[in-house]
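Geometric and topological summary
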Amino acid sequence: MINHQSCAIVTARKGSKGLVNKNILPFKDSNLTQFSIDFLIELNIFDKIILSTDIETLILKNNNKKEIHISTRPENLANDNTSQVEVVLDILEKEKLKGISYSHIFLFQPTSPFRKFSEIIKGFKELTSNKESNSIVGVSDPLSDPSDCLMESNCETMKFILPRELNSQRQEFKQTYFINGTFYGCKTDYFIKNKSFFDLKKSHLLLMSDYASIDIDKEIDYQIANLLIKKFKYNDI
């Protein structure tokens, strides 16, 4: 068995219900998925970069790149109900059959493209150098106050997501964070055993910029992202 320290995984399936073909929408000088791939190639800190996809254009564009390894997404893992955990487990099983394993895995979602080199390097070092930490998750300060959010309690009533009184002050609440979807890292053994990137006791939080909160799921998200990327400097080292 060949063991590597790290594997970066980019997941992108064709189709989507909300924003049609969002993973290959034009972005910057390429498309959303290719933007993340090129980011990781330029960053150059991972032992291996794997692209899991069933999108032919992405396969053709990256198939001959020595830095990228293609994992063709099986049809049963390319539907709306498939979780990222299932996809990553499938990749790890395929790698195991090749006699390859990894100490740590890192997940990058194309629809959360606002990452900086310095942030990912910091997160990478924090996880791989800390024996006590099982995972690290990218977070940002919430763009809106979570204490103002309501949820349906039943068909007739509403309740606050955070317990509060209507006249409570924001300063009275503890610090909250938004899991931005931009960066996940995990010890591979922990991930396989628990099928999760989260360990509430031994997960570290990587505080990232407000830009990282932009998750492209709707048309307005895409419009905002295209405006912001014009000034966003990802290569900040």
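My aim in this report is to walk through the structure given alongside it, one point at a time. The model shown is predicted, which means the values in this text are computed figures rather than measured ones.

Here the focus is the state of the cysteines. Going through the model one piece at a time under the given rule, you end up with zero disulfides. Free cysteine: Cys 186, not disulfide-bonded; nearest cysteine sulfur from Cys 7 at 13 Å. Among the residues examined, Cys 186 registers a relative accessible area of 0% and is labelled buried.

Counting across every chain of the model gives six salt bridges. For Lys 65, the salt bridge is made with Asp 38, and the minimal N-O distance between the two is 3.7 Å. Of this pair, Lys 65 sits in the loop between helix H2 (56-62) and strand S5 (68-72) while Asp 38 is found in helix H1 (residues 32-43), placing the two residues 27 residues apart along the sequence. Across the pair Lys 94 and Asp 90 runs a salt bridge, and its minimum N-O distance is 3.3 Å. Taken together, the residues span about one helical turn, with Lys 94 and Asp 90 both in helix H3 (residues 84-97) at a distance of four residues.

Now for the side chain of Glu 119. By the secondary structure assignment, Glu 119 is in helix H4 (residues 117-128). Despite its burial, Glu 119 pairs with no opposite charge, the nearest such side chain being Lys 116 at 5.2 Å. Of note is the side chain of Glu 119, whose polar atom sits 3.0 Å from the backbone nitrogen of Ser 209.

Bringing the pairing of strand S6 (residues 100-108) into the picture now. Within S6, seven of the nine residues are buried, leaving the element largely enclosed by the surrounding structure. Both S6 and strand S10 (residues 178-187) contribute to a ladder of four bridges, which runs antiparallel. Looking at the pairing, His 104 lines up with Lys 187 of S10.

Here H1 spans 17 Å end to end across 12 residues, near enough to the 16 Å set by a 1.5 Å rise per residue. Most of H1 sits inside the fold, with nine of its 12 residues counted as buried. Listed as buried for H1 are Leu 32, Thr 33, Gln 34, Phe 35, Ser 36, Ile 37, Phe 39, Leu 40 and Leu 43. Its side-chain oxygen placed 3.1 Å from the backbone nitrogen of Thr 33, Asn 31 serves as the N-cap of H1. Just beyond H1, the residue with positive phi is Asn 44, at close to 60°.

Reading the values: the criteria
- Residues numbered from 1 in each chain as written.
- Predicted model: local features only at pLDDT ≥ 70, side-chain atom pairs only at ≥ 80, totals over all residues.
- Heavy atoms only, no water.
- Disulfide = S-S within 2.5 Å.
- Buried < 20%, exposed > 50% of the residue type's maximum accessible area, 1.4 Å probe, protein only.
- Salt bridge = Lys/Arg side-chain N within 4 Å of Asp/Glu carboxyl O.
- Helix = DSSP H or I, 4+ residues; strand = E, 2+ residues; numbered from the N terminus.
- Lys, Arg positive; Asp, Glu negative; His and termini not counted.
- Polar contact = N/O pair within 3.5 Å; in protein donor to acceptor, adjacent residues only side chain to side chain.
- Pairing = 2+ DSSP bridges.
- Expected span 1.5 Å × (residues − 1).

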